[in-house]
Amino acid sequence: MLDPKLYSVLQVYESRSFSEAAKRLSITQPAVSHHIKVLEEELGVRIFDRRKGEVIVTHEGQAVVKCAKKLLGLYNNLCQDLADSKQLVTHLAVGITHTAESNPVAEALAVYCAEHEQVTIKMVTDTINNLYRKLKNYEIDLAIVEGRIPSSSVNYLLLDTDCLMLAVSVNHPFASRAMVTLNELKKERMIIRLPNSGTRNLFAAHLESNNMSIRDFNVILELDNIATIKDLVRRDFGVSVLPKSACLDELKKNKIVLLPVENLSMMREINIAYKNDFPQLELLHDLVSAYNETVRSYR
């Protein structure tokens, strides 16, 4: 078991309350205060400041919390690995982006679990930045992300390549076209992802290379949920720029049409990101095989 002082730190940080932390830990408030005081003395820093009844984490306290989360993640992984070794079961926490939630990734993970009864997977959906943080803190085992960032502690396995395309309804005038121009797109009602999404950022970067910005377009809605965006496009409320991988089912059922935008070649990788010390490399290649099998079913 981890040092109880670390649990106290994390609960105070999350609840911003010593009394609430004590309630969650089923101990007394003086015990929580004692844990924090002892840890502060051991480390020689102040972790929390209490001002007018408000608990504020200090700069040094942020570092302590970050380390405590990492230690908790490692400890939980150890407990799970030991339990798995006894039962021949593997539990995986896989982080995916909102885009991956709408493409064949989730189905591929389900296919893999169906073929490997000893494996259970917990999927966590979050922004790409939060997924990298959780991966580095051992809160998740794998992250399926678009693109990659330079990091000495993270490795990548290519899962697929993807591209962004203009999505329109089957009744839209563009539906019979082979391509649209940026000037034509400027006249359309656009529904796009929120600024923290990789899809939005890739689109913005390619516009910038053409001396344009998203502000030059008629954006009527900004959403984070790709399923909602696809539904609105299908019902002709507007057009959107979406990953092809997130629209395979709609394409197969002729619910929407995808076409390229002139001068915008918006290609990117879909990768499995994993820590250097991830022990089951064969499992990663099995996941890629399950993904490829799933994608073939859409063709």
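Just so you know, these numbers come straight off a predicted model, no measurement behind them.

A short note on the packing of helix α2 (residues 18-25) against helix α3 (residues 29-43)
Where α2 contacts α3, the axes come no closer than 8 Å and their chain directions differ by 105 degrees. Between α2 and α3, the interaxial angle falls into the category roughly perpendicular. The segment α2 lies against α3, with Phe18, Ser19, Ala21, Ala22 and Leu25 engaging Gln29, Val32, Ser33 and Ile36. Here the residues of the contact of α2 with α3 sort into 6 nonpolar, 3 polar and no charged.

Considerations on unusual backbone geometry
For Tyr138, which is not glycine, the phi torsion reads 65 degrees and is therefore positive. Positionally, Tyr138 belongs in the loop between α7 (128-136) and β5 (142-146). Residue Asn263 is not a glycine yet carries a positive backbone phi of 75 degrees. Its place among the elements puts Asn263 in the loop between β10 (256-259) and β11 (267-275). Assessed through its relative accessible area of 58%, Asn263 is described here as exposed.

Details of the packing of helix α1 (residues 4-15) against α2
Pairs of packed helices are described in terms of their axes, by the angle between the two and the distance that separates them. In contact at an axis separation of 8 Å, α1 and α2 are set at 125 degrees when each is read in the N-to-C sense. With respect to each other, α1 and α2 are oriented oblique. As for how α1 packs across α2, the hand of that crossing is right-handed. Taking contact as the criterion, the partners of Tyr7, Ser8, Gln11, Val12, Glu14 and Ser15 in α1 are, on α2, Phe18, Glu20, Ala21, Arg24 and Leu25. Along the lines of polarity and charge, the residues of the contact of α1 with α2 split into 5 nonpolar, 3 polar and 3 charged.

A short note on the layout of surface pockets
Which parts of space are left empty comes out when a probe the size of a water molecule is rolled across the atoms. Estimated volume of the largest pocket: approximately 720 Å³. Along the wall of the largest pocket there are 31 residues; nearest its centre are Gly73, Asn77, Tyr138, Glu139 and Asp141. Of all elements in the fold, only α1, α4 (59-87), β3 (90-96) and β4 (119-125) reach the threshold of two or more residues within the lining of the largest pocket. Of all the elements, α4 adds the most residues to the lining of the largest pocket, at 10 residues. Each residue belonging to the lining of the largest pocket can be placed in one class, and the counts come to 13 nonpolar, 9 polar and 9 charged.

Considerations on the side chain of His172
On the secondary structure map, His172 appears in the loop between β6 (154-169) and α8 (182-186). On the basis of relative accessibility, which here comes to 10%, the residue His172 falls in the buried class. Here Glu188 takes part through its side chain, which lies 2.7 Å from a polar atom of the side chain of His172. Not counting chain neighbours up to four residues away, the residues in contact with His172 comprise Glu188, Asp236 and Val239.

Looking at the pattern of salt bridges
The tally for this structure, following the rule as stated, stands at 16 salt bridges. Glu42 is the salt-bridge partner of Lys5, the closest N and O atoms lying 3.7 Å from each other. Taken together, the residues span a long stretch of sequence, with Lys5 in helix α1 and Glu42 in helix α3 at a distance of 37 residues. Measuring nitrogen to oxygen at the nearest pair gives 3.3 Å for the salt bridge that ties Glu20 to Arg24. Separated by 4 residues within a single helix, Glu20 and Arg24 lie in helix α2, roughly one turn from each other. One network of salt bridges, in which partners are shared, links Glu14, Glu20, Lys23 and Arg24.

What counts and what doesn't
- Residues numbered from 1 in each chain as written.
- Predicted model: local features only at pLDDT ≥ 70, side-chain atom pairs only at ≥ 80, totals over all residues.
- Heavy atoms only, no water.
- Axes fitted to C-alpha atoms, helices over the stretch in contact; angles between N-to-C directions.
- Helix = DSSP H or I, 4+ residues; strand = E, 2+ residues; numbered from the N terminus.
- Parallel < 35°, antiparallel > 145°, perpendicular 65-115°, else oblique.
- Contact = heavy atoms within 4.5 Å.
- Nonpolar A, V, L, I, M, F, W, Y, C, P; charged D, E, K, R; others polar.
- Buried < 20%, exposed > 50% of the residue type's maximum accessible area, 1.4 Å probe, protein only.
- Left-handed = near helix turned anticlockwise from the far one by under 90°.
- 1 Å grid on protein atoms, 1.4 Å probe; cavity = no way out; pocket = protein on both sides within 12 Å on 5 of 7 lines; lining within 4 Å.
- Points joined across faces, edges and corners; volume = space filled by probe spheres on them.
- Polar contact = N/O pair within 3.5 Å; in protein donor to acceptor, adjacent residues only side chain to side chain.
- Salt bridge = Lys/Arg side-chain N within 4 Å of Asp/Glu carboxyl O.

As far as function goes, none of this settles anything; it's purely spatial.
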